[in-house]
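# Reading the structure
This is what each chain is made of:
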Amino acid sequence: MLLSILSSPLVSISAIAVVISDPGNPFFVKERLGNNGKTFKIVKIRTMRKEGDHTSWTKDKDDRIFAAGKVIRKLRFDELPQFWNVLRGDMAIVGPRPETPVIAEGLAEEVPFYNLRMKVKPGITGWAQLNWGYDRTIEDVKMKLSYDLFYIKNRSIMFDLRIMLQTIETMLLGKGAK
């Protein structure tokens with residue numbers, strides 16, 4: 001709850017920047033798969049134009065991302081509303097990223113052991129996000145899965161703290177975001 005309260009000024013500023021850059025709802029809510037494949041609604045700050053194809057993976061210099069969205073993504077502020085998902089019990093702070101049911105179903109058919117990542121709550125941040133970039137190919141998904149499975153096998157409070165500290169460093173330095 002404390003993180004939700006502390007992040008609320010950044011969420012508010014980001015929401016205002018979104019509305020100025022691309023009028024409309026500054027948030028988006030999408031269905032995701034959580035622990036044991038249970039669906040839930042994830043809340044994020046919108047960083048892409050409302051129109052356009054939103055079914056493909058994000059790519060370098062993606063023209064769907066508007067100006068303020070680029071900054072919000074770089075600082076990872078788009079993820080901050082997910083603290084509400086943590087409060088509701090749908091997510092943890094650290095864990096594998098939650099995926100949409102349709103994409104997860106397709107990946108489970110192509111990537112062996114993909115569904116094992118749903119044996120824990122999904123997280124706002126995780127070992128795979130810190131160590132591998134955005135998914136562009138099935139090979140990227142396989143690499144991220146290896147990091148997710150490593151995390152699941154080696155979960156501990158110290159490992160979670162390490163991931164959280166590295167995430168803060170990534171946010172402050174603006175590393176890795178598109």
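A brief report on the enclosed structure follows.

So, how was this worked out
- Residues numbered from 1 in each chain as written.
- Predicted model: local features only at pLDDT ≥ 70, side-chain atom pairs only at ≥ 80, totals over all residues.
- Heavy atoms only, no water.
- Phe/Tyr/Trp six-rings, centres within 6.5 Å; stacked < 30°, edge-to-face > 60°.
- Buried < 20%, exposed > 50% of the residue type's maximum accessible area, 1.4 Å probe, protein only.
- Helix = DSSP H or I, 4+ residues; strand = E, 2+ residues; numbered from the N terminus.
- Expected span 1.5 Å × (residues − 1).
- Arc of directions from axis to C-beta.
- Contact = heavy atoms within 4.5 Å.
- 1 Å grid on protein atoms, 1.4 Å probe; cavity = no way out; pocket = protein on both sides within 12 Å on 5 of 7 lines; lining within 4 Å.
- Points joined across faces, edges and corners; volume = space filled by probe spheres on them.
- Nonpolar A, V, L, I, M, F, W, Y, C, P; charged D, E, K, R; others polar.
- Bend = angle between axes of the 7 residues up to and from the residue.

This part covers the packing of aromatic side chains. Each aromatic ring pair is summarised here by two numbers: the centre-to-centre distance and the angle between the ring planes. For the structure on display, the rule yields 4 aromatic pairs. Aromatic pair F150 and F159: ring centres 6.0 Å apart, planes at 90 degrees, arrangement edge-to-face. Geometrically, the ring pair formed by Y151 and F159 is tilted, given 5.6 Å between the ring centres and 45 degrees between the ring planes. Residue Y151 is classed as buried on the basis of its relative accessible area of 4%. With relative accessibility at 9%, the residue F159 sits in the buried group. Through successive ring pairs, a cluster of aromatic residues spans W127, F150, Y151 and F159.

Turning next to helix α7 (residues 157–173). Given 3.6 residues per turn, any residue in an α-helix points the same way as the ones three and four places further on. In this model, α7 (17 residues) spans 24 Å end to end at C-alpha, consistent with the 24 Å of a helix rising 1.5 Å per residue. Among all positions in α7, only F159, I163, T167 and T170 are buried. Taken around the axis of α7, the buried residues stretch over an arc of 75 degrees, which confines them to a single face. Away from its buried face, by an angle of more than 90 degrees, α7 presents the exposed residues I157, M158, L165, L172 and L173. The secondary structure elements touched by the buried residues of α7 are β3 (92–94), β4 (123–125), α5 (127–131) and α6 (138–154).

Using the criterion set out here, one finds 1 cavity of 30 Å³ or more in the structure. Considering the residues around the largest cavity, the lining is formed by L33, G34, P96, R97, P98, R117, M118, V120 and P122. Looking at the lining of the largest cavity residue by residue, the classes come out as 6 nonpolar, 1 polar and 2 charged.

With that settled, consider helix α1 (residues 2–21). End to end, α1 covers 29 Å across 20 residues, agreeing with the expected 28 Å (1.5 Å per residue, within 8%). Of all the bends found along α1, the most pronounced is centred on S8 and spans about 45 degrees, while P9, a proline, follows it within four residues. Among all positions in α1, only S4, S7, V11, S14, A15 and V18 are buried. Packed against the buried residues of α1 are β1 (27–33), β2 (39–45), α2 (67–74) and α3 (82–88).

Geometry only, nothing functional implied.
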